[in-house]
Amino acid sequence: MAISRKHREPLKLFMQPGRIEAGCDEAGRGCLAGPVAAAAVILPPDFRNDLLTDSKQLTEKQREALRPVIEREAVAWSVVFIGPEEIDRINILNASIEAMQRAVSSLQVRPEHILVDGNRFKPHPLGIPHTTVVKGDATYLSIAAASVLAKTHRDELMNRLAEEYPGYGWERNKGYPTREHREAMARLGITPAHRRSFGPVLQLSLFD
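Definitions and cut-offs
- Residues numbered from 1 in each chain as written.
- Predicted model: local features only at pLDDT ≥ 70, side-chain atom pairs only at ≥ 80, totals over all residues.
- Heavy atoms only, no water.
- Phe/Tyr/Trp six-rings, centres within 6.5 Å; stacked < 30°, edge-to-face > 60°.
- Buried < 20%, exposed > 50% of the residue type's maximum accessible area, 1.4 Å probe, protein only.
- Helix = DSSP H or I, 4+ residues; strand = E, 2+ residues; numbered from the N terminus.
- Expected span 1.5 Å × (residues − 1).
- Contact = heavy atoms within 4.5 Å.
- Salt bridge = Lys/Arg side-chain N within 4 Å of Asp/Glu carboxyl O.
- 1 Å grid on protein atoms, 1.4 Å probe; cavity = no way out; pocket = protein on both sides within 12 Å on 5 of 7 lines; lining within 4 Å.
- Points joined across faces, edges and corners; volume = space filled by probe spheres on them.
- Nonpolar A, V, L, I, M, F, W, Y, C, P; charged D, E, K, R; others polar.

Caption draft 1: Looking closely at the packing of aromatic side chains. Applying the stated rule across the entire model yields two aromatic pairs. For the pair tyrosine 165 and tryptophan 170, a centre-to-centre distance of 6.0 Å together with 65° between the ring planes defines the contact as edge-to-face. Residue classification places tryptophan 170 among the buried residues on the basis of a relative accessible area of 0%. Residues tyrosine 168 and tryptophan 170 carry aromatic rings whose centres are separated by 5.1 Å and whose planes lie at 25° to one another, so their mutual orientation is stacked.

See below:
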């Protein structure tokens, strides 16, 4: 089950050892439907897991196996969704950042430092210092853990939405702009779960 270490460098546990550090990441930013999800995770100083890495490098089965491990062993964790209406109102970049901010604020333990995947973030309302890390989900365990939780929780929600709005293949494409999804939009129209500010959806919504 573990990914061989000869194929990748071990991920780091902390950027600032000795401080309570939360890793943050989001999932679903490029989708045409569904919410954007964000997670924040604080890991204990003795946490180890040879499988955990960027969720995009893991199979669905591996992510699902890691989710309960992270939720059980983390000092604290939180997952937040921001839905299509708010995404349309504030745009997807701001929605992604806002979701991560809310995830940090929802933690039962207040972190002293925030590690954020990517290169864009805003000062946290609680004044908690942060550091952005490009490819942070493949560098730090806490960000990788957040990426797994954000992805698995969002996928679970998209599976439920697929039952509510059948025909779009969301149980497979999770709302991403696959050919299956785009053809279904043209055939079936758009739903309340679609992001109307996104180009392919916006074009169809003009005739909705």
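Caption draft 2: Here's a closer look at the environment of leucine 52. Mapped onto the elements of the fold, leucine 52 is located in the loop between strand E2 (36-42) and helix H1 (60-73). Separated by 90 residues in the primary sequence, leucine 52 and serine 142 have C-alpha atoms spaced 9.5 Å apart.

Caption draft 3: Local environment of H1. Here H1 is 14 residues long and its end C-alpha atoms lie 20 Å apart, about the 20 Å a rise of 1.5 Å per residue gives. Tucked inside the fold, the buried residues of H1 contact E2 and helix H4 (141-164).

Caption draft 4: Inspection of the pattern of salt bridges at higher detail. Under the definition given, this model contains 12 salt bridges. Across the pair aspartate 137 and lysine 56 runs a salt bridge whose closest N-O atoms are separated by 3.1 Å. Taken together, the positions of aspartate 137 in the loop between strand E5 (130-133) and H4 and lysine 56 in the loop between E2 and H1 put the pair 81 residues apart, joining distant regions of the chain. By relative accessible area, aspartate 137 is classed as buried at 4%. The salt bridge partner of glutamate 180 is arginine 172, with a shortest N-O separation of 2.3 Å. Overall, the relative accessible area of 54% leaves arginine 172 in the exposed class.

Caption draft 5: Region of the structure containing the layout of surface pockets. Taken as a whole, the largest pocket encloses approximately 380 Å³ of empty space. Lining of the largest pocket is provided by 21 residues; of these, Asp25, Glu26, Ala27, Lys56 and Asp117 occupy positions nearest its centre. Broken down by secondary-structure element, the contributors of at least two residues to the lining of the largest pocket are strand E1 (21-27), helix H3 (92-105) and H4. Along the lines of polarity and charge, the residues of the lining of the largest pocket split into five nonpolar, six polar and 10 charged.

Shape descriptors only; they carry no functional weight alone.
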